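Here's the letter readout for the chains.
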Amino acid sequence: MITSRNNELVKRANSLKEKKYRALYGEYIVEGRKQIREAIGSGQEIVEIFYSAEYRGERFACGREIEVSESVFAKLSEEVAPQGVLAVLKIPYRQISAPENSALLLDGISDPGNLGTIIRTANAAGITDLYLRNCADPYAPKCVRSAMSGTFFVNLFPIQEEDLAVFDGVSLICADMSGEDVFSFQPPPRFCLVIGNEANGVSEKVRKMCSYTVRIPMRSTCESLNAAVSAGILMYQMIQKQ
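What counts and what doesn't
- Residues numbered from 1 in each chain as written.
- Predicted model: local features only at pLDDT ≥ 70, side-chain atom pairs only at ≥ 80, totals over all residues.
- Heavy atoms only, no water.
- UniProt positions renumbered as here; feature names shortened; annotations may be inferred.
- Phe/Tyr/Trp six-rings, centres within 6.5 Å; stacked < 30°, edge-to-face > 60°.
- Helix = DSSP H or I, 4+ residues; strand = E, 2+ residues; numbered from the N terminus.
- Buried < 20%, exposed > 50% of the residue type's maximum accessible area, 1.4 Å probe, protein only.
- Lys NZ or Arg CZ within 6 Å of the ring centre and 35° of its normal.
- Axes fitted to C-alpha atoms, helices over the stretch in contact; angles between N-to-C directions.
- Parallel < 35°, antiparallel > 145°, perpendicular 65-115°, else oblique.
- Left-handed = near helix turned anticlockwise from the far one by under 90°.
- Contact = heavy atoms within 4.5 Å.
- Nonpolar A, V, L, I, M, F, W, Y, C, P; charged D, E, K, R; others polar.
- Pairing = 2+ DSSP bridges.

If you check an unreviewed UniProt entry, the protein chain appears there as RNA methyltransferase from Candidatus Borkfalkia excrementavium. The heading Sequence similarities (unreviewed entry) in the UniProt record of the protein chain holds the text "Belongs to the class IV-like SAM-binding methyltransferase superfamily. RNA methyltransferase TrmH family."

Written as structure tokens, this is what we have:
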């Protein structure tokens, strides 16, 4: 059992709370039995699993098993009420490619909670290809928690300016309050819905690439909806019309 917080394995795992170390090692943290079970079931690569000394729950025969003291586990965990088990997973590498079916382009989503909720909802709605431009890190602990295992079942493609060419021939649909009522809009058979930054919306660069603009009608007493809520409504409304 590891009892020192200065143990190298513990320090490395703890460093994955920071984006620069997730990028350096190509790994991220998942907490709790349900998420670890679903990560394994979806074929994610498990590097190691940490168990607290008092943990008496389900064990997982994947990766390297490491038992640590309660004090050490408290250092690793970011949960308010930790279950006593967390796993280090490999960040999957995916070659950027054009979407085969309907997809999402997230343009500047900066809040990890919003991003995680959008990933969770996309998985629920059946949208599997998500392109992230200037977004929060989808493998940040808060984002992974908000995604509720959705991270394991979608394809996440962080993209740069030069990668926007991947959408050539794809109908981009911009979400904006100046657009057509989404409830009367008929989407093309294959589309990519664009959700912009929480404060500034879709960037001008991406907006110019869009073939359509849609909005969610609202009462005059409401100025706007949360980005994740808007994305959920738009995804379901357009998917059901396909």
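(A) Summary view of the packing of aromatic side chains. Enumeration over the complete set of coordinates arrives at seven aromatic pairs. Here the aromatic rings of Y131 and F167 are separated by 4.9 Å at their centres, their planes lie at 75°, and the arrangement is edge-to-face. One end of the pair, Y131, is in strand 6 (residues 129-133); the other, F167, is in the loop between strand 7 (155-159) and strand 8 (171-181), and 36 residues separate them in sequence. The same class applies to Y131 and to F167, which are both buried. An aromatic cluster is present here, built from Y131, F157 and F167 joined pairwise through their rings. In this structure, R12 is placed above the aromatic ring of Y25, and the distance from its NZ or CZ to the ring centre is 3.9 Å.

(B) Structural detail: the packing of helix 5 (residues 112-125) against helix 8 (residues 227-239). Two elements in contact, helix 5 and helix 8, have axes separated by 9 Å at closest approach and are oriented at 15°. Comparing their axes, helix 8 and helix 5 come out roughly parallel. As helix 5 packs across helix 8, the resulting crossing turns out to be right-handed. Touching N114, T117, I118, T121, A122, A124 and A125 of helix 5 are A227, A228, A231, G232, M235, Y236 and I239, all from helix 8. Taken together, the residues of the contact of helix 5 with helix 8 break down into ten nonpolar, four polar and no charged.

(C) Spotlight on the sheet that holds strand 3 (residues 64-68). The four strands lie next to each other as 1-4-2-3, forming an open sheet whose pairing is mixed. Every other strand in the sheet has two partners, leaving strand 1 (27-31) and strand 3 as the edge strands with one partner each. The sheet shows a mean angle of 20° between the axes of neighbouring strands, taken without regard to direction. Pairing geometry for strand 2 (residues 46-52) and strand 3, over five bridges, is parallel. By the bridge assignment, E48 is partnered in strand 3 with R64. Contacting strand 1, strand 2, strand 3 and strand 4 (85-90), helix 1 (residues 8-15) runs over the sheet at an angle of about 110° to strand 2. Lying over the sheet, helix 3 (residues 33-41) contacts strand 1, strand 2 and strand 4, oriented at roughly 30° with respect to strand 4.

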